[in-house]
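Read off the chains here:
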Amino acid sequence: MARVPKLAVFDLDYTLWPFWVDTHVDPPFHKSSNGTVRDRRGQTIRLYSEVPEVLGRFRGLGVPVAAASRTGEIEGANQLLELFDLGKYFVQREIYPGSKVTHFERLQQKTGVPFSQMIFFDDEKRNIVDVSKLGTEWCYLHSCPKWNESSNPNSRIRDICKGPSWTLKSSPVDEPHLRHKTEGNWEDIFRCMCKLLKCICV
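Worth saying up front: this structure is predicted, and the values here are computed from it rather than measured.

The rules behind these values
- Residues numbered from 1 in each chain as written.
- Predicted model: local features only at pLDDT ≥ 70, side-chain atom pairs only at ≥ 80, totals over all residues.
- Heavy atoms only, no water.
- Phe/Tyr/Trp six-rings, centres within 6.5 Å; stacked < 30°, edge-to-face > 60°.
- pLDDT = per-residue confidence, 0-100.
- Contact = heavy atoms within 4.5 Å.
- Buried < 20%, exposed > 50% of the residue type's maximum accessible area, 1.4 Å probe, protein only.
- Helix = DSSP H or I, 4+ residues; strand = E, 2+ residues; numbered from the N terminus.
- Polar contact = N/O pair within 3.5 Å; in protein donor to acceptor, adjacent residues only side chain to side chain.
- Salt bridge = Lys/Arg side-chain N within 4 Å of Asp/Glu carboxyl O.
- 1 Å grid on protein atoms, 1.4 Å probe; cavity = no way out; pocket = protein on both sides within 12 Å on 5 of 7 lines; lining within 4 Å.
- Points joined across faces, edges and corners; volume = space filled by probe spheres on them.
- Nonpolar A, V, L, I, M, F, W, Y, C, P; charged D, E, K, R; others polar.

Draft legend 1. Molecular detail of the packing of aromatic side chains. Scanning the entire structure with this criterion turns up seven aromatic pairs. Members of the aromatic cluster, connected to one another through ring pairs, are Phe-10, Phe-58 and Phe-121.

Draft legend 2. Molecular detail of the confidence of the model for the protein chain. Residues of the protein chain with pLDDT of at least 70 account for 68%, and the chain-wide mean is 75. Confidence drops under pLDDT 50 across residues 143–188; counting only partners more than four residues distant or on other chains, this segment forms 97 contacts. In the model, residues 195–202 has pLDDT below 50 throughout and makes 30 contacts with residues more than four positions away in sequence or in other chains.

Draft legend 3. Examining the pairing of strand β7 (residues 118–122) more closely. Counted residue by residue, β7 has five buried out of five residues, so it is predominantly covered. Going residue by residue along β7, you find Met-118, Phe-120 and Asp-122 tucked away on one face and Ile-119 and Phe-121 tucked away on the opposite face as well.

Draft legend 4. Structural detail: the environment of Thr-36. Along the chain, Thr-36 falls in the loop between β2 (30–31) and β3 (37–38). For the pair Thr-36 and Phe-84, spaced 48 residues apart in sequence, the C-alpha separation works out to 9.0 Å. In this structure the side chain of Thr-36 is engaged in a polar contact, spanning 2.7 Å, whose partner is the side chain of Ser-32.

Draft legend 5. How the structure looks around the pattern of salt bridges. For the structure shown, the criterion picks out nine salt bridges. Two residues, Asp-39 and Arg-41, come together in a salt bridge whose shortest N-O distance is 3.8 Å. Classification of Asp-39 as buried rests on a relative accessible area of 0%. Residue Arg-41 is classed as partly exposed on the basis of its relative accessible area of 44%. In this structure, a network of salt bridges that share partners links the residues Asp-26, Asp-39, Arg-40 and Arg-41.

Draft legend 6. Fine view of helix α2 (residues 74–83). Of all the residues in α2, the buried ones are Gly-76, Ala-77, Leu-80, Leu-81 and Leu-83. On its buried face, α2 is in contact with β2, β3, β4 (44–45) and β6 (90–95). Where α2 begins, one side-chain oxygen reaches toward the backbone nitrogen of Gly-76, 2.9 Å away; that side chain belongs to Glu-73. Just downstream of α2, Asp-85 is the residue with a positive phi angle, here 60°.

Draft legend 7. A look at the layout of surface pockets. The computed volume of the largest pocket comes to approximately 200 Å³. If you go around the largest pocket, you meet 13 residues; those closest to its centre are Asp-13, Trp-20, Arg-70, Thr-71 and Glu-124. Here the residues of the lining of the largest pocket are counted per class, giving one nonpolar, four polar and eight charged.

Printed below as a string of structure tokens:
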């Protein structure tokens, strides 16, 4: 039987949704009568559309899912997970500022899963570099959104939702100790993540 991870760990911002929850949107959030999630100003908040499918895929494989986020907007991030009905997928949540190494050390303590049996999805290279040193498998989701930094943050969110250019890295990212493994079902999972992020598997 093909090997699968024993814990899948997801970043939140620009991994599950196309914004920084502590910058581009204004909590608290709520769900309107038509089921859309909105922030305090009434702005519609969306996930990457395939997120529920991907998380459901992991659950179908019997792989628990955890969140590891460095956001300072802890309450807002947790609120969004519940409003998007994603809370049911996450067995653990480490959401607070600081090093992702701390997040993973606490996940290891709470779950008992060895670092080598975890897989980590994140869009920030620094987090990949730090966590990979623990021996964790990783998937670097490199975003290349085409926006004007001087533009209104609200329009940037809409632009990103239309589909930025994404690349799923499958080779070391400058640091020689980084390795991206795609064994057995893992490759299938990576391709599923590609669909999530509308990227090309290289």
